[in-house]
Protein chains: 2
Amino acid sequence: MDLREQLRAAKLKVTSGRLSVLRELGRAKGPMSHAEVAERLEGESLDKVTVWRILVALTEVGLVDRSNGGDGTWRFELRSGSLGHDPHPHFTCLVCKTVTCLPHDSVRIPPRIVRGVVDVQITGRCEKCG
Amino acid sequence: MDLREQLRAAKLKVTSGRLSVLRELGRAKGPMSHAEVAERLEGESLDKVTVWRILVALTEVGLVDRSNGGDGTWRFELRSGSLGHDPHPHFTCLVCKTVTCLPHDSVRIPPRIVRGVVDVQITGRCEKCG
DNA sequence: GGTGTGCATGCAATTGGATTGCGTTGTTTC
DNA sequence: GAAACAACGCAATCCAATTGCATGCACACC
Ligand SMILES: [Mn+2]
Ligand SMILES: [Mn+2]
Ligand SMILES: [Zn+2]
Ligand SMILES: [Zn+2]
């Protein structure tokens with residue numbers, strides 16, 4: 001299923017802006033902040049606010065995952081589909097600000113304690129900044 | 001060790017503002033946002049910005065833990081000492097915004113993957129909001 | 001118990017990410 | 001093609017977090 005079909009399946013209109021954002025997220029190896037996405041799309045005469053609204057809209061229909069790193073900014077990444085990943089934990093280094101995707105089963109949470117987990121976010125220092 | 005001694009041991013001057021903030025955090029059952037702390041201290045003619053700087057100062061010397069809930073605001077709670085707790089994971093319900101402290105060992109992270117963990121933050125839906 | 005030094009505070013102003021309002025543009029449906 | 005309505009551009013706003021600076025207070029030293 002290509003990007004246009006995914007948008008149509010989500011009942012979102014197919015626009016050049018949405019396709020650009022989806023393509024950009026597809027290239028990323030980890031979650032991107034709104035600022036990062038907007039910066040890479042500077043050449044496309046796409047307003048920053050529009051990029052934000054696109055990211056929110058894609059999140060609401062489930063095409064994108066939004067997570068909150070320890071630094072207080074939202075980060076977005078493609079979900080499911082050919083290019084995307086399924087939800088998984090993230091690790092943010094407080095020193096170098098690097099965000100790392102962790103394997104889905106790298107964090108174990110006893111189901112008795114928490115139900116309906118949406119996001120797992122770990123902060124600390126990476127090996128380089130140890 | 002009472003609050004004054006803890007401040008002195010941390011090489012911070014003992015002020016009425018810092019004592020108030022520490023006392024307020026001691027009463028809390030979970031991490032409090034800056035806004036919550038400031039609101040409860042309204043009667044004490046203590047400036048909001050000062051409350052913020054106190055929270056940051058206490059965090060820097062290790063008397064307080066600062067964590068970032070899934071909603072993008074910082075939350076603070078007493079660390080160690082008689083009234084405080086040791087660092088532990090937190091669960092934030094995205095619907096009712098409730099923050100729950102989890103037992104220290106409720107989340108297991110294989111040490112090979114991540115070093116120097118500072119904070120573990122889980123977001124989702126609590127049992128009530130299931 | 002006074003006094004000086006430097007940290008702490010109050011207040012005003014600023015930052016920066018997130019959010020909204022509204023008129024215009026563009027996509028989809030018929 | 002035209003009508004209906006979602007998406008967009010642009011300006012403005014919100015609010016937690018942050019900073020600057022003049023004043024006030026804690027505490028070490030006398
Ligand atoms: Mn990821
Ligand atoms: Mn806690
Ligand atoms: Zn690092
Ligand atoms: Zn809830």
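For the structure itself, look to the data block above.
Along each chain, the written sequence defines residue order, and numbers are assigned to residues from 1. To label them, take the chains in the order written and letter them from A, then take the ligands in the order written and number them from 1. Given that the model is predicted, a residue must reach a pLDDT of at least 70 before its local features are reported, and side-chain atom pairs must reach 80 or more before they are shown or counted; all residues, however, enter totals for whole chains, interfaces and linings. For the side-chain quantities, the full set of heavy atoms in the structure was used; hydrogens and water were omitted.

## A word on the sheet that holds strand E3 (residues 74-78) of chain B
Residue and element names in this part refer to chain B. When DSSP finds two or more bridges between two strands, those strands count as paired. Each helix is a run of DSSP H or I of at least 4 residues and each strand a run of E of at least 2, with the numbering of both proceeding from the N terminus. Read from one edge of the open sheet, three strands run E1-E3-E2, paired in antiparallel fashion. Both outer strands of the open sheet, strand E1 (32-33) and strand E2 (64-68), are each paired with one neighbouring strand and no more. One ladder, built from two bridges, connects E1 with E3; its direction is antiparallel. Residue pairing in the sheet places Ser 33 in a bridge with Arg 75 of E3. Contacts are assigned to residue pairs with any non-hydrogen atoms lying within 4.5 Å of each other. Axis definition: a line fitted to C-alpha atoms, limited for helices to the stretch in contact. Angles are taken between N-to-C directions and run from 0 to 180 degrees. Against the sheet, helix H2 (residues 16-27) makes contact with E1, E2 and E3, and its axis sits at roughly 90° relative to E3, the strand it touches most. Contacting E2 and E3, helix H4 (residues 48-60) crosses the sheet at an angle of about 105° to E2.

## With respect to the protein's contact with DNA strand D
Nearness here has a simple test: a residue counts as near a molecule or strand if at least one of its heavy atoms is within 4 Å of that partner. Surveying the vicinity of DNA strand D reveals 19 residues, the closest of which are Thr 15, Arg 18, Thr 50 and Arg 53 of chain A together with Trp 52 of chain B. Atoms of DNA strand D within 4 Å of the protein belong to the sugar or the phosphate in 69% of instances, the rest to bases. Counting of polar contacts relies on pairs of N or O atoms within 3.5 Å, with two restrictions inside protein: one atom must be capable of donating a hydrogen and the other of accepting it, and residues adjacent in sequence are counted only when both atoms are side-chain atoms. Between a sugar or linking oxygen of DNA strand D and a side-chain N or O atom of Lys 13 of chain A, the distance comes to 3.0 Å. Separating a phosphate oxygen of DNA strand D from a side-chain N or O atom of Thr 15 of chain A is a distance of 2.7 Å. Listing elements by their share of the surface near DNA strand D, those giving two or more residues are helix H4 (48-60) of chain A together with H4 of chain B. The biggest single contributor to the surface near DNA strand D is H4 of chain A, with four residues.

## Topic: the packing of helix H2 (residues 16-27) of chain A against H4 of chain A
Residue and element names in this part refer to chain A. Where H2 meets H4, the closest approach of the two axes is 10 Å, and the angle between their N-to-C directions is 70°. As far as their axial angle goes, H4 and H2 are roughly perpendicular. Facing H2, whose interface residues are Gly 17, Arg 18, Val 21, Leu 22 and Leu 25, H4 presents Val 51, Ile 54, Leu 55, Ala 57 and Leu 58. Class assignment for the residues of the contact of H2 with H4 results in eight nonpolar, one polar and one charged. Should an angle lie under 35 degrees it is considered roughly parallel, over 145 roughly antiparallel, and from 65 to 115 roughly perpendicular; all remaining angles are considered oblique. Asp, Glu, Lys and Arg are counted as charged, while Ala, Val, Leu, Ile, Met, Phe, Trp, Tyr, Cys and Pro are counted as nonpolar; the rest, among them Gly, fall into the polar class.

## Structural notes on the pattern of salt bridges
Residues and elements named next belong to chain A. Definition used for salt bridges: Asp or Glu carboxyl oxygen within 4 Å of a side-chain nitrogen of Lys or Arg. Applying the stated criterion to the full structure yields 10 salt bridges over all chains. In this structure, Glu 24 engages Arg 40 in a salt bridge whose closest nitrogen and oxygen atoms are separated by 3.6 Å. Remark: Arg 40 occurs in helix H3 (residues 34-40) and Glu 24 occurs in helix H2; sequence separation between them is 16 residues. The class of Glu 24 is buried, set by a relative accessible area of 7%. In this structure, Asp 71 and Arg 75 form a salt bridge, with 3.7 Å as the shortest nitrogen-oxygen distance. A single network of salt bridges, built from pairs that share partners, joins Glu 24, Arg 27 and Arg 40. For every residue, the accessible area (1.4 Å probe, protein chains only) is compared with the maximum for its type, and the residue is labelled buried under 20%, exposed over 50%, or partly exposed between those bounds.

## Structural notes on the protein's contact with DNA strand C
Around DNA strand C sit 19 residues, and of these Trp 52 of chain A together with Thr 15, Arg 18, Thr 50 and Arg 53 of chain B come closest. Taking the atoms of DNA strand C that fall within 4 Å of the protein, sugar and phosphate contribute 63% of them. Contact between DNA strand C and Val 14 of chain A: a phosphate oxygen at 3.0 Å from a main-chain N or O atom of the residue. Residue assignment for the surface near DNA strand C shows that the elements contributing at least two residues are H4 of chain A together with H4 of chain B. In terms of residue count, the dominant contributor to the surface near DNA strand C is H4 of chain B (four residues). Along the lines of polarity and charge, the residues of the surface near DNA strand C split into eight nonpolar, five polar and six charged.

## Description of unusual backbone geometry
All names here are of chain B. Of note in the backbone geometry, Lys 11 takes a positive phi value of approximately 65° without being a glycine. Locating Lys 11 in the fold gives a position in the loop between helix H1 (3-9) and H2. Despite not being glycine, Ser 45 has its phi angle at roughly 45°, a positive value. Checked against the element boundaries, Ser 45 lands in the loop between helix H3 (34-40) and H4. A relative accessible area of 70% means that Ser 45 is categorised as exposed.

Any link to function would need more than the numbers given here.
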